[in-house]
Amino acid sequence: MQDQLTGIEAQAVAELRAMTDVRSLEEWRVAYLGRSGRLTQVLRGLGSLPIEERRTVGAQANEVKRRLEALLEEKEAALRQTELARELEQGRIDVTLPGRPVPLGRLHPITQVVREICGTFQQLGFQVVEGPEVELDYYNFEALNIPPEHPAREMWDTFWIDTGEGERNVLLRTHTSPMQIRVMEQTRPPVRVVVPGRCYRYEATDATHESIFYQIEGLAVDRAMTMADLKGVLAEFARRMFGQNRRVRFRCDYFPFVEPGVEVSIDCFGCNGMGCNICRDAGWIEIMGAGMVHPKVLERVNYDPVEYTGFAFGMGPERVAMLRYGIDDIRLFYANDIRFLRQF
Ligand code: FA5
């Protein structure tokens, strides 16, 4: 039996030495030290031995068991160490490498310009309000002193909405001016608002025209407002937006809802008025339409035109952005070309 023990130990040690992974250690433990393992079986057979022999063989068997257990522990520690080293080597990361940049989104250039323009008017005491893009004929035209059949309607090619009632009554607003009426219906003077928003015109697109574009409307109504207020506010706006040394020009223009009406231009910042390709050699660049609110418009919202006067203006932020950044085609803003948009 003693020889048997020595044989088992020698074989167990040899097998253990040859092992290269932690998982097979468990099989080895079951085969030798488990409940029906070879060593355990020897220990179970001890009972059939004479008492003297039983003691020596028993002691030897326990000794073998202790050594095998110690060897197992050692081997397991060694294998785990090797595996850890291999994992560390394979999964090695260089913590000194620069991080991967997170792609940052940004605001569309027209959103940026709209916010800048509104921000400038806010500094001048104006409040920002918004209104519906789907409008009634009444607000888009009639209340603005443009009755049906008025020739001025031809200035605005319109998308009409079929309401199933046969009448042309609902439309996509062609300008932000209907908000002049809506704001005055809701409030009493003094009024100072700017209204950014989308507008729609049934037009063929070209380098300066889109069928969907933005406008920013402005309206100020108070006692004793004059053309001087209009000029002062708009000249100040132009200087804040385009540079302190800008000169501003007001020339007569026609819009049915203002009297008198003006077009507002600035001297070209590309050539300081000398003539260049930005201003098409004119030296001046038109930036908006404006005028004193027509008395008929004030009457329509029950403002007494003797007591109250005001001015209104409307501009296209795409136009402002094109001038500012030297862009020659408005369609670039809405082509969804990331290479273009990334530049702003
Ligand atoms: C108007 O729409 C008037 N409501 C402006 C106004 C308001 C005048 C208050 C007086 C008092 P107009 O049609 O000129 O005016 O348009 C104003 C601006 O909107 C233009 O100068 C231009 O910058 C922009 N705009 C007009 N049509 C288009 C278009 N198809 N594409 C891009 N921008 C446009």
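Each value, and the rule that gives it
Residues numbered from 1 in each chain as written. Predicted model: local features only at pLDDT ≥ 70, side-chain atom pairs only at ≥ 80, totals over all residues. Heavy atoms only, no water. Buried < 20%, exposed > 50% of the residue type's maximum accessible area, 1.4 Å probe, protein only. Helix = DSSP H or I, 4+ residues; strand = E, 2+ residues; numbered from the N terminus. Pairing = 2+ DSSP bridges. Near = heavy atom within 4 Å. Polar contact = N/O pair within 3.5 Å; in protein donor to acceptor, adjacent residues only side chain to side chain. Areas by Shrake-Rupley, 256 points an atom, 1.4 Å probe, with all protein chains shown as cover. Nonpolar A, V, L, I, M, F, W, Y, C, P; charged D, E, K, R; others polar. Core = buried A, V, L, I, M, F, W, Y, C linked by side-chain atoms within 4.5 Å. Contact = heavy atoms within 4.5 Å.

A. Spotlight on the pairing of strand β9 (residues 284-293). Counting buried positions along β9 yields eight of 10 residues, so the element is predominantly enclosed. Pairing of strand β8 (residues 258-267) with β9, which is carried by eight bridges, proceeds in the antiparallel orientation. Within the sheet, the bridge partner assigned to Val 262 lies in β9 and is Ala 290. When β9 meets strand β10 (residues 308-315), the two strands line up antiparallel, connected through four bridges. Across the sheet, Ala 290 pairs through a bridge with Phe 313, a residue of β10.

B. The arrangement of the site of the ligand in detail. His 175, Ser 177, Arg 201, Glu 210 and Gln 215 are the nearest of the 23 residues found near the ligand. Between Glu 203 and the ligand, the recorded distance is 3.2 Å, taken from a side-chain N or O atom to a nitrogen atom. One nitrogen or oxygen atom from the side chain of Gln 215 is found 3.0 Å from an oxygen atom belonging to the ligand. Burial of the ligand by the protein amounts to 90% of the accessible area it has alone, namely 680 Å². Elements with a contribution of two residues or more to the shell around the ligand: β6 (212-223), β9 and β10. Split into classes, the residues belonging to the shell around the ligand amount to nine nonpolar, nine polar and five charged.

C. Just the nonpolar core, in detail. In terms of nonpolar packing, the biggest core is built from 43 residues, with Ile 117, Phe 121, Phe 311, Phe 313 and Met 315 touching the most fellow members. Secondary structure elements with two or more residues in this core: α5 (109-123), β6, α8 (227-242), β8, β9, β10, α10 (317-325) and α11 (338-341). A total of seven residues in this core trace back to one element, the largest contributor, which is α8. Excluding anything up to four places from it in sequence, Met 315 contacts Ile 117, Phe 121, Tyr 214, Gln 215, Ile 216, Phe 237, Ile 287, Met 288 and Val 320. In this structure, Phe 141, Leu 171, Val 195 and Val 293 belong to the second largest nonpolar core, which totals 27 residues.

D. Examining helix α7 (residues 178-186) more closely. Taken as a whole, α7 has its buried residues at Pro 178, Met 179, Gln 180, Ile 181, Val 183 and Met 184. Turning to α7, the residues buried within the fold contact β2 (134-136), α6 (137-140), β5 (191-200), β6, α9 (295-300) and β10.

E. Looking closely at the side chain of Asp 222. Relative to the helices and strands, Asp 222 is located in strand β6. A distance of 3.3 Å separates a polar atom in the side chain of Asp 222 from a polar atom in the side chain of Arg 192. Not counting residues within four places of it along the chain, the set of residues in contact with Asp 222 comprises Pro 190, Arg 192, Glu 307, Tyr 308 and Thr 309.

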